[in-house]
Amino acid sequence: QQVTLYGFRDDNNFWVITRTEAAESKYQNSTEAGKLQPVRHGDIVRLMHWKTFRRLHSHDERPPVTTNDYQNEVTGYGWEGFKGDSNDHWRVQIMEGDASVPGSRDQLMAIHSKFRLVHVGRRCALFSNRRKLPKWAHEQVEVTCMQSAKVPKTLWRIETNIHADIPAGAPLAEYRRPGLVAKVLEATAVMWRVNNGLTKSHPYESRPHTWPWLRRGMAFWGADNRTIYLLGTAPVWWLSLVSVILFGVLQVVLFLRSCRGFNDRLMGARERYADSVGFLVVGWVLHWIPFFLMGRQLFLHHYLPALWLAILAFSATLDLLTRRMRRRIRHVIMGILLLVVVRTYFQYSHLAYGTPWTRQGCQRSKLLGTWDYDCKRYVDLDAAPTVLTAPIPVETSHIDPPPAQNFDPLEHENKLNEPAPRIDHDKLNSDADKAHEAMVKAATTVDKNNAAPDANAAGAAGAAGEPNAQNHHEDEEPVIGDDAHHEAVAQTTVPPLF
């Protein structure tokens, strides 16, 4: 039985703390038999699952997910009535107690005591590293027994303590109710821990220093002639970044000039500029700088909260810069900015909504070479058009279909079920023997007929000097009839008899 950690409360969370075999027999023969005894620091106990009657067990085997040599598997072993063995023994080490509850450091108490369970035989502590098991364990958290483990990851706490012999007036333990500050700090710590745990790499991850100038976006989906790619409106991002940089540069220049005795008022807008834009820039810094401290995978959308503040800072900066201009000029400036933003929006709407586009328009839209959306997905207008030709019809003579025939499925099925004809193996062997004898006889006849031409050939070779000897065979008559058949048979190979 696999022992896991589960984030919710149910009946599988209950364990029964019992004594060891030796301690149980000694307790039954003592005067304390029948009385409740508290679990103290250093006691050796066994834990039995109340529903399956399996004991908390560890041995020198590697866990299913964590395969380090210094970690052992933790399982539930045994059955109802099984006495167990020494691998079920755990020593209780109370590490922390509540200062407001006396005795919680020496005696195991629900909620108030934090303790470790150390395996007596393997000297390893019950441990959890928040690693999830596969789907066959419903992705619950793995529990192991680790040697030389860090104390914070081996601390356990009892939430509920139930026994029929507990007195009715026994004090009840409960969690302390945290205040607002404690809740905020706890939530922040949990979020920080969870986010730092996301350390796997991603092809479209990016670092914080590339966000303000929109170095690259993030792809979500792509198909033929369609792509969804997260990319901000470039003029908005860049103008907001300029406003933040401008504020920082102006503050440094004004500070240096004030150190030299100059009191620049900026036409009476210095205080307003510092209060309005300064507040937004500080908020932008607080929403952007913390990402440099995170080791997790980061994406462009993490910059969006800081971006809103930077856009507001740009709006406030533009208002202060154009405050003393004529209304018509201000309207012209605002109109130009609005037209640029709207045009950019429609130009890149193909990436936002996944609508069809052209390859040329996609390539022209890449203002930065680091924008890595794929333009090859779109239609190329410069490519040679594909000519589709209709197939040439082939004239065929009119052929009347064959006349319909009556088909009786029952008769057809009876023919299929007829037994196969019996093969007469004796007749087949007799025919094969006769054919073999005839081939051997024919081969013997051919050998006899070839003897005379060989002698003539020898005589012709001896009389090579005579002029008529060269064409000795030219005057001979052609072989016909049975002799021709024998010539053909002589050039074949006699097959073996099977």
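Conventions adopted
- Residues numbered from 1 in each chain as written.
- Predicted model: local features only at pLDDT ≥ 70, side-chain atom pairs only at ≥ 80, totals over all residues.
- Heavy atoms only, no water.
- Helix = DSSP H or I, 4+ residues; strand = E, 2+ residues; numbered from the N terminus.
- Buried < 20%, exposed > 50% of the residue type's maximum accessible area, 1.4 Å probe, protein only.
- Contact = heavy atoms within 4.5 Å.
- Areas by Shrake-Rupley, 256 points an atom, 1.4 Å probe, with all protein chains shown as cover.
- Disulfide = S-S within 2.5 Å.
- Phe/Tyr/Trp six-rings, centres within 6.5 Å; stacked < 30°, edge-to-face > 60°.
- Salt bridge = Lys/Arg side-chain N within 4 Å of Asp/Glu carboxyl O.
- Axes fitted to C-alpha atoms, helices over the stretch in contact; angles between N-to-C directions.
- Parallel < 35°, antiparallel > 145°, perpendicular 65-115°, else oblique.
- Nonpolar A, V, L, I, M, F, W, Y, C, P; charged D, E, K, R; others polar.
- Patch = residues over 30% accessible without salt bridge, like charges linked within 9 Å, V, L, I, M, F, W, Y side chains within 5 Å.
- Lys, Arg positive; Asp, Glu negative; His and termini not counted.
- Expected span 1.5 Å × (residues − 1).

## As for the overall build of the protein chain
Alright, step 1. Counting secondary structure elements, the protein chain contains twelve helices and twelve strands.
Alright, step 2. When burial is assessed residue by residue, the protein chain has 26% of its 498 residues classed as buried.
Alright, step 3. Counting only contacts in the protein chain whose residues sit at least 6 apart along the sequence, the fraction spanning at least 24 positions is 64%.
Alright, step 4. If you sum the accessible surface of the protein chain, you get close to 35,500 Å²; carbon and sulfur atoms cover 58% of it.

## Focus: unusual backbone geometry
Excluding glycine, residues mostly have negative phi values, and the peptide bonds linking residues are mostly trans.
Alright, step 1. The phi dihedral of R123 falls on the positive side, at around 55 degrees, and the residue is not glycine.
Alright, step 2. Looking at the secondary structure, you find R123 in the loop between β7 (114-119) and β8 (125-127).
Alright, step 3. Judged by relative accessible area, which is 68%, R123 ranks as exposed.
Alright, step 4. The phi angle at E139 is positive, at roughly 55 degrees, despite the residue not being glycine.
Alright, step 5. With respect to the secondary-structure elements, E139 resides in the loop between β8 and β9 (141-142).

## Quick word on the state of the cysteines
Alright, step 1. The final tally for this structure, using the stated rule, is two disulfides.
Alright, step 2. Between the sulfur of C124 and that of C145 lies a disulfide, 2.0 Å long from S to S. Looking down the S-S bond of the C124 and C145 bridge, the torsion is 100 degrees, so its handedness is right-handed. One end of the pair, C124, is in the loop between β7 and β8; the other, C145, is in strand β10 (residues 144-146), and 21 residues separate them in sequence.
Alright, step 3. For the protein chain, the bonded cysteines connect in the pattern 1-2, 3-4 when numbered consecutively along the sequence.

## Thoughts on the side chain of T344
Alright, step 1. Examined against the element boundaries, T344 turns out to sit in helix α6 (residues 327-347).
Alright, step 2. Excluding residues that lie within four positions of it along the chain, T344 makes contacts with T233, A234 and P235.

## A few points about the packing of aromatic side chains
Alright, step 1. On inspection of all chains with the given rule, the structure shows 15 aromatic pairs.
Alright, step 2. Ring geometry for Y229 versus Y373: centroids 5.2 Å apart, planes at 65 degrees, classification edge-to-face. Linking Y229 in strand β12 (residues 226-230) with Y373 in the loop between α8 (359-364) and α9 (409-416), this pair joins segments that are 144 residues apart in sequence. As far as the burial class goes, Y229 and Y373 line up, both buried.

## Some words on the pattern of salt bridges
Alright, step 1. Taken as a whole and assessed by the stated rule, the structure comprises twelve salt bridges.
Alright, step 2. Among the salt bridges present, the one from R62 reaches D60, with a minimum N-O distance of 3.0 Å.
Alright, step 3. Judged by its relative accessible area of 29%, R62 is partly exposed.
Alright, step 4. The salt bridge partner of R330 is D319, with a shortest N-O separation of 3.0 Å. Residue R330 is located in helix α6, and its partner D319 is located in helix α5 (residues 304-321); the two are separated by eleven residues in the primary sequence.
Alright, step 5. The class for R330 is partly exposed, based on a relative accessible area of 21%.

## Here we look at the packing of helix α3 (residues 234-259) against α6
Alright, step 1. At their nearest, the axes of α3 and α6 sit 8 Å apart, and the two run at 130 degrees to each other. Relative to α6, α3 is oriented oblique. Judged by residue contacts, A234, P235, V236 and L239 of α3 engage L337, V340, V341 and T344 from α6.
Alright, step 2. Counted by class, the contact of α3 with α6 contains seven nonpolar, one polar and no charged residues.

## Overview of a nonpolar patch on the surface
Alright, step 1. There is a patch of nonpolar side chains on the surface, built from W192, V285, I289, F292 and L293 and spanning about 450 Å² of accessible area.
Alright, step 2. Position of W192 among the secondary structure elements: in helix α2 (residues 180-196).
Alright, step 3. With relative accessibility at 36%, the residue W192 sits in the partly exposed group.

## Structural notes on the side chain of E73
Alright, step 1. Tracing the backbone through its elements, the reader meets E73 in strand β5 (residues 71-77).
Alright, step 2. Buried and unpaired, E73 has no salt bridge, with R62 as the nearest side chain of opposite charge at 8.6 Å.
Alright, step 3. Excluding anything up to four places from it in sequence, E73 contacts Q2, H57, S58, H59, E61, R62, P63 and P64.

## Quick look at α3
Alright, step 1. Between the first and last C-alpha of α3 there are 38 Å, a value that for 26 residues agrees with the 38 Å anticipated at 1.5 Å per step.
Alright, step 2. Among the residues of α3, those classed as buried are A234, P235, W237, S240, L241, S243, V244, F247 and L254.
Alright, step 3. Looking at the buried residues of α3, the elements they touch are α4 (270-288), α5 and α6.
Alright, step 4. At the exit of α3 stands G261, carrying a positive phi of roughly 100 degrees.

That is the geometry; function is a separate question.
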